[in-house]
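Architecture at a glance
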Amino acid sequence: MKELERKGEIIVHHVHEEYQPRLVKTLSGRIKKIPTIELWQHKSCGQCGHIPGYISALYWMMNELNIPYVGDTNQTSCTAWNYYGSGTSNTIAITAVFVRNMHVAYEKNAYPLIHCGTSFGDYKECRFF
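What comes next is a walk through the structure. (Residues numbered from 1 in each chain as written. Predicted model: local features only at pLDDT ≥ 70, side-chain atom pairs only at ≥ 80, totals over all residues. Heavy atoms only, no water.)

Examining the packing of helix α5 (residues 91–107) against helix α6 (residues 117–126)
To be explicit about the condition: Convention adopted: a line fitted to C-alpha atoms gives each axis, helices being fitted over their contacting stretch, and angles between N-to-C directions are expressed from 0 to 180 degrees. The numbering of helices and of strands both runs from the N terminus, where a helix is a DSSP run of H or I of at least 4 residues and a strand a run of E of at least 2. An angle below 35 degrees is read as roughly parallel, one above 145 as roughly antiparallel, one from 65 to 115 as roughly perpendicular, and any other as oblique. In what follows, a contact means two residues having at least one pair of non-hydrogen atoms within 4.5 Å. Residues are grouped as follows: nonpolar covers Ala, Val, Leu, Ile, Met, Phe, Trp, Tyr, Cys and Pro; charged covers Asp, Glu, Lys and Arg; every other residue, Gly included, is treated as polar.
Two elements in contact, α5 and α6, have axes whose closest approach is 9 Å; the angle formed by their N-to-C orientations is 100 degrees. Here α5 lies roughly perpendicular to α6, going by the angle between them. Between α5 and α6, the residues in contact are I94, T95, V97, F98, N101 and M102 and D122, Y123 and C126, respectively. When grouped by side-chain class, the residues that make up the contact of α5 with α6 number six nonpolar, two polar and one charged.

Set out below in structure tokens:
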């Protein structure tokens, strides 16, 4: 991805200072920048259904802590249920949804916060596609 970005073929959404990042140490010991404001909410279809109140609780906490976020009503489905539940989706479809969602977050000058562990995993997989 770094090479494609260098060539100008893609835009990578970096964690800039405008997102007021905090530095944290990962389990592997790597230091990572975590954005703390202007988070674009990548809603989860599954966690909403399987963990009632998950998304509402997250929004409530962010509101209580006065954390600015973008609750986009036009976000597409993650397609992860299709990825695990049937043969109706595939790597190309998941990649298309990934690109679309990341672009929408980029257009809104917000950093994507992905609620769904499945989508997060799918998106990490398709980065290399």
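Further notes follow.
A closer look at a nonpolar patch on the surface
Note the cut-off: Candidate patch residues must exceed 30% relative accessible area and have no salt bridge, after which like charges are joined if within 9 Å and Val, Leu, Ile, Met, Phe, Trp or Tyr side chains if within 5 Å. Using the Shrake-Rupley algorithm and a 1.4 Å probe, accessible areas are obtained, with residue cover drawn only from the displayed protein chains. Salt bridge criterion: a side-chain nitrogen from Lys or Arg within 4 Å of a carboxyl oxygen from Asp or Glu. A simple rule labels every residue: compare its accessible area, found with a 1.4 Å probe on the protein chains alone, to the largest value its type can have, and call it buried under 20%, exposed over 50%, or partly exposed in between.
A grouping of W60, M61 and L65 is seen on the molecular surface, where their side chains present a nonpolar patch of about 370 Å² in accessible area. The residue M61 is located in helix α3 (residues 54–64) in this model. Judged by relative accessible area, which is 43%, M61 ranks as partly exposed.

Here's the deal with the layout of surface pockets
This is how the line gets drawn: Cavity and pocket criteria rest on a 1 Å grid covering protein atoms alone: a 1.4 Å probe that fits but cannot get out defines a cavity, protein on both sides within 12 Å along at least 5 of 7 lines defines an open pocket, and an atom within 4 Å of a point defines a lining residue. Grid points are joined across faces, edges and corners, and a volume is the space filled by probe spheres set on the points.
Volume-wise, the largest pocket comes out at about 1,600 Å³. Lining the largest pocket we find 33 residues, and of these M1, V12, H13, Y111 and R127 sit closest to its centre. Of all the secondary-structure elements, those providing two or more residues to the lining of the largest pocket are α1 (2–6), β2 (31–34), α5, β5 (111–114) and α6. In terms of residues, the lining of the largest pocket owes the most to one element, α5, which gives six residues.

Quick word on the packing of aromatic side chains
Going by this rule: Between the rings of Phe, Tyr and Trp (Trp by its six-membered ring), a pair exists once the centres lie within 6.5 Å; its type follows the angle of the planes, with under 30 degrees stacked, over 60 edge-to-face, and the other angles tilted.
Enumeration over the complete set of coordinates arrives at two aromatic pairs. Seen from their ring centres, Y19 and Y111 are 5.7 Å apart, and the 65 degrees between their planes marks the pair as edge-to-face. Within this pair, whereas Y19 is found in the loop between α1 and β1 (22–25), its partner Y111 is found in strand β5, the two being separated by 92 residues in sequence. Taking relative accessible area as the criterion, Y111 reaches 19% and is therefore assigned buried.

Considering the pattern of salt bridges
For the structure shown, the criterion picks out two salt bridges. Residue R6 pairs with E3 through a salt bridge whose shortest N-O separation is 2.6 Å. Of this pair, R6 and E3 are both found in helix α1, three residues apart, which corresponds to roughly one turn of the helix. Judged by its relative accessible area of 41%, E3 falls in the partly exposed class. With its nearest N and O atoms 3.8 Å apart, the salt bridge here joins K33 to E17. Taken as a pair, K33 in strand β2 and E17 in the loop between α1 and β1 lie far apart in primary sequence, 16 residues in all.

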